[in-house]
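Working through the structure, step by step
Next come the chains, spelled out residue by residue.
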Amino acid sequence: MDSVPRLTSVLTLLLSGLWHVGFTATNYNCDDPLASLLSPMAFSSSSDLAGTHSPAQLNRRVGTGGWSPADSNAQQWLQMDLGNRVEITAVATQGRYGSSDWVTSYSLMFSDTGRNWKQYKQEDSIWTFAGNMNADSVMHHKLLHSVRARFIRFVPLEWNPSGKIGMRVEVYGCSYKSDVADFDGRSSLLYRFNQKLMSTLKDVISLKFKSMQGDGVLFHGEGQRGDHITLELQKGRLALHLNLDDSKPRLSSSPPSATLGSLLDDQHWHSVLIERVGKQVNFTVDKHTQHFRTKGEADALDIDYELSFGGIPVPGKPGTFLKKNFHGCIENLYYNGVNIIDLAKRRKHQIYTVGNVTFSCSEPQIVPITFVNSSSSYLLLPGTPQIDGLSVSFQFRTWNKDGLLLSTELSEGSGTLLLSLEGGTVRLVIQKMTERTAEILTGSSLNDGLWHSVSITARRDRITLTLDNDAASPAQDTTRVQIYSGNSYYFGGCPDNLTDSQCLNPIKAFQGCMRLIFIDNQSKDLISVQQGSLGNFSDLHIDLCSIKDRCLPNYCEHGGGCSQSWTSFSCNCSNTGYSGATCHNSLYEQSCEVYRHQGNTAGFFYIDSDGSGPLGPLQVYCNITEDKIWTSVQHNNTELTRVRGADPEKPYTMALDYGGSMEQLEAMIDGSEHCEQEVAYHCRRSRLLNTPDGTPFTWWIGRSNERHPYWGGAPPGVQQCECGLDESCLDIRHFCNCDADKDEWTNDTGFLSFKDHLPVTQIVITDTNRSNSEAAWRIGPLRCYGDRHFWNAVSFYTEASYLHFPTFHAEFSADISFFFKTTALSGVFLENLGIKDFIRLEISSPSEITFAIDVGNGPVELIVHSPSLLNDNQWHYVRAERNLKETSLQVDSLPRMTRETSEEGHFRLQLNSQLFVGGTSSRQKGFLGCIRSLHLNGQKLDLEERAKVTSGVRPGCPGHCSTYGSICHNGGKCVEKYSGYSCDCTNSPYEGPFCKKGSLQVRYQLSKEETHVFNMDAENFANRKLHHLKINREGRELTIQVDQHLRLSYNFSPEVEFRAIRSLTLGKVTEHLGLDSEVAKANIMGFVGCLSSVQYNQVAPLKAALRHATIAPVTVQGTLTESSCGSVVDADVNAVTTVDSSSDPFGKTDEREPLTNAVRSDSAVIGGVIAVVIFIIFSIIGIMTRFLYQHKQSHRTNQMKEKEYPENLDSSFRNDIDLQNTVSE
């Protein structure tokens, strides 16, 4: 810590507008009339019907009674000089007195100097004001955002078609005071602290600036230990560097903490506000705010000696600066409540001035022009013909990759000069007749919206093209050709009536801005062009650059990349997980239930629980069975994990990572009917929860970062395990097995299922540090089933009924999706109203769905016509979307109806009424039928819950199978459920969620309590092909081969005892006594198919049944038919059972005969439905195997795999755990 005294500022975070007048949007009582006292000389116009300046104040009746131009067209304007910069809050208009001349709509422009005008915008669009309906009424408009300017210009857009343009106007506002400093690019102001070190926990810095330069430092401060704060312009954007961490690199090597704004070098005022509290920062430029947190541990910003404004002087080197200085004006500069410019103006000792800083804003008289139309805009300027050589230079900025910059016919027959932008590169061509005599290409990505300078010079048969004549400029390109200056220079495009030799434009016209045009070393006066005294033009805006950054803010959602042209923007949605014009639509479904409904089977999927909402997709495993659809999310530690050496002073903790954010997991859980996580605690002298009132030894952390001292199987708030609830613990004095503190291994295992606490994010263990004390834990994946929303449905049974929800807020993007079914002819699905805006979806006729929306530019209506009736009482899907690029409507799988959205005018959808579902606010045209799974911008509306308290609406809607019954294949039956449907595959030779899947199961039953089940379901075995099965056990090792491929290898526990079998059954089992319930279920109808080459050890029972049925210990029930198994045909025969006694050696196979032959003498066709091969056990411990075609397996049948444990677990520990994990079925 430095011994120098520290000045620690503890600042209250206040908006800078509370410290000074002028920074807030509007001062109180700022509504004084400003035009009424102006002299006639303060008014000017594009032209005047009277030939002189006509005063045009509101209610003026003398003279001409207001202003009318000489010609009524779109190039006219009326301007006022208000004398000084004032704050303008409102305007008012009338028509010209005693006439039929009035304006019905107009726009406004503002300027500080009478040059470089700025158009008034609302909602980021040029605003159109409603004008008058007659000559005398006053139309008053209060500005949504006040404007500070000296000059105001009224631009008529439309006027009375029976008259001419006519206006009387008034402007309302108040005086505006400010402190301004002008920096010339070589100067700065230094604010020096009273102490060596200024350490602040909070900072508020505010200012306004204007500049023509795209680069320059606005302010900078740093400490000797590495803290720094810098605000600088970089290519027309503001970059904020902020570092509170001493170890971080200096400014020169660190990227910005935040970057905001665009096109800030337009010589218009821009406001900046930086608010910092500790590491939290709000950075605002104009209307856009970025929030971020600084990295590192520190909360204080330590600045040594001084803050510099306008540049970064190099200590000890007067006039030298570390980076490029700011060149322009700064207004109302406040640092933590200190008015820096006011101190400088009063020459206070805290301020040291470097270079020349003045306190009025110098305004360069530069006139920009805008080429508006890509087909008809051009500017014609005269040259000096027949001069030997040529010199043309100008600056341009655009977003378009292509456009004509300049075309001129050269003198003396030296050809045509063509300068164009092609693919973002400047291309210069000299063309003579059909031959190209010279070509130069330079630059790249010049359509970046920045100003670029171009210079063409030709002297002594050498032509030179120079681009951006600064240090970063590419080397000059030169070529040798004799040319002479032309007579007419066409910038931006060509008039329609010219030949190619006069003006050549092989590509589209230029859209963008130009300024500083010089021809033959003479500056061209563009105001004279505007007044008609120089050159000619078409579709130009003169004296303003109306470039707009359509990617600020970025309306491409979910991280989509924005690119733009002059008139539109586009989004690159690659690698975002979203699609659509604005990357709004998720590529993934919202749940496993939806994937199942689409016919998918089990596998890994991405689900997007909030659809088009802010949450990204999450990878899950969808276990799609015929019973429940389980969604599983694995975490990073699913193995059984051993713990030793933990105590309350040094607890063991493990955090679980699920590969997604907590918000994603919460959304998945909240949208499910049931969720659970299995938790297992294996212990030896390691206590788990202690007593219900004692301090727990182990606990887990849930979603809200709260600790939970209850274990699987117990409800929240009860510090117990599952055995404590059913009174089955090892020690009845305790409520968990592990709390008995035994020397032998035991465990507490159960499911956590209180959704509000899931998922488990961390486990903490504190009792494994005693003698012989150890534990092992396992937390299973997060598993959920049931989609609470996909089948969430309601039935409307009166036309006057509806459900109401809060207002649908969707200013920029709106998507609505749902299913419906009805028998009605028409009805409104959904409606939400605003003052003028609205959104409505309805079935307008039995075969039409209509989507209507109005964002303030007039209603847009999309209609999808269906070739079949939509009121057929079947479920139909509707999805409507509106974004800044397009409006669309999709019905079922019909072609999507799309209409492009105009990128000009109003674009915010502003609604304020309640959202009506199934009806309208007028209670007319209500919907009769069912609506389900209603989503608005990814948000799921709980229709059923709202319907419970609404008359005329019932929760639920029956009849899913009428629409989705065809999803059940191969004779499967659709079973109606309250929430959806399921497929009953009992009478189908197939299984699975859609009766499409075949499988093979082998089952070993070693006792009534111990059964091992192995499934092989990677392919469909019911495919009329012969499959080869080999089950081999040597000692404890079991292998199963299918079609010569090893499908499973398993080691039985050493404790398992295998004994001889009593009998072998092929086909349907007739002795049901003691038959396993799962086998009994599969045994209902027996087996249809062909069995061949059946061999058990050295016994061939099928051959014995076919060849020696009368003398072999074989019993055949039903008809057994010999077959080659060449083709398996469907046969409606009775089930056949063959039982062979294992005590007789009859039927021993010829060991030389290969078992892999496809056609055998011991092949037979067995009739029925399900094939079963069973070895009935002789005693309690023995062998049981089952071979099925098309087994129906419930989701709780687990495929057992060989257990794997961490290498460091000793064998006794593994064996103890194995004994605890036996499965009973």
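Residues numbered from 1 in each chain as written. Predicted model: local features only at pLDDT ≥ 70, side-chain atom pairs only at ≥ 80, totals over all residues. Heavy atoms only, no water.

The name given to the protein chain in an unreviewed UniProt entry is Contactin associated protein family member 5, and the organism recorded there is Felis catus. UniProt, in its Sequence similarities (unreviewed entry) section for the protein chain, records the words "Belongs to the neurexin family." The Subcellular location (unreviewed entry) comment attached to the protein chain in UniProt states, word for word, "Membrane". (UniProt positions renumbered as here; feature names shortened; annotations may be inferred.)

With that settled, the discussion passes to helix α4 (residues 662-670). By the burial criterion, the buried members of α4 are Q664, L665, M668 and I669. Taken around the axis of α4, the buried residues stretch over an arc of 130 degrees, which confines them to a single face. Against the buried residues of α4 lie β46 (603-607), β47 (618-624), β48 (629-633), β51 (672-684) and β57 (782-787). (Buried < 20%, exposed > 50% of the residue type's maximum accessible area, 1.4 Å probe, protein only. Helix = DSSP H or I, 4+ residues; strand = E, 2+ residues; numbered from the N terminus. Arc of directions from axis to C-beta. Contact = heavy atoms within 4.5 Å.)

A few words now on the packing of aromatic side chains. Inspection of every chain in the model, using the stated rule, returns 38 aromatic pairs. Residues W791 and Y964 carry aromatic rings whose centres are separated by 6.0 Å and whose planes lie at 75 degrees to one another, so their mutual orientation is edge-to-face. Highlighted residues: W791 in the loop between β57 and β58 (793-796) and Y964 in helix α7 (residues 961-964), separated in sequence by 173 residues. For the pair W791 and Y964, a shared accessibility class is recorded, and that class is buried. On the basis of an interplanar angle of 90 degrees and a centroid distance of 5.8 Å, the ring pair of W791 and Y981 is categorised as edge-to-face. Placement of W791 in the loop between β57 and β58 and of Y981 in strand β73 (residues 980-984) is noted, with a sequence separation of 190 residues between them. One aromatic cluster is present, built from ring pairs that chain together F790, W791, F819, Y877, Y964 and Y981. One residue, R932, lies across the ring of F790, its end atom 5.0 Å from the ring centre. Between R932 and the ring centre of W875, over which it is positioned, the NZ or CZ distance is 4.8 Å. (Phe/Tyr/Trp six-rings, centres within 6.5 Å; stacked < 30°, edge-to-face > 60°. Lys NZ or Arg CZ within 6 Å of the ring centre and 35° of its normal.)

All right, on to the sheet that holds strand β61 (residues 827-833) then. Picture the strands of a sheet paired through backbone hydrogen bonds; they go either parallel or antiparallel. Reading across from one edge, β59-β68-β61-β62-β63-β64 is the order of the six strands in this open sheet, with antiparallel pairing throughout. Looking along the sheet, the strands with just one partner apiece sit at the ends: β59 (803-805) and β64 (860-865). For this sheet, the mean angle separating the axes of adjacent strands, direction not counted, is 15 degrees. Examined bridge by bridge, strand β62 (residues 838-845) and strand β63 (residues 848-854) share seven bridges and lie antiparallel to one another. Directly across from E842, in β63, lies its bridge partner T850. (Pairing = 2+ DSSP bridges. Axes fitted to C-alpha atoms, helices over the stretch in contact; angles between N-to-C directions.)

This part takes up the pairing of strand β43 (residues 569-572). Here β43 shows a clear split, with F569 and C571 buried on one side and none of S570 and N572 buried on the other. When strand β42 (residues 561-564) meets β43, the two strands line up antiparallel, connected through four bridges. Within the sheet, the bridge partner assigned to C562 lies in β43 and is C571. In sequence, β42 turns back onto β43 through a hairpin of four residues.

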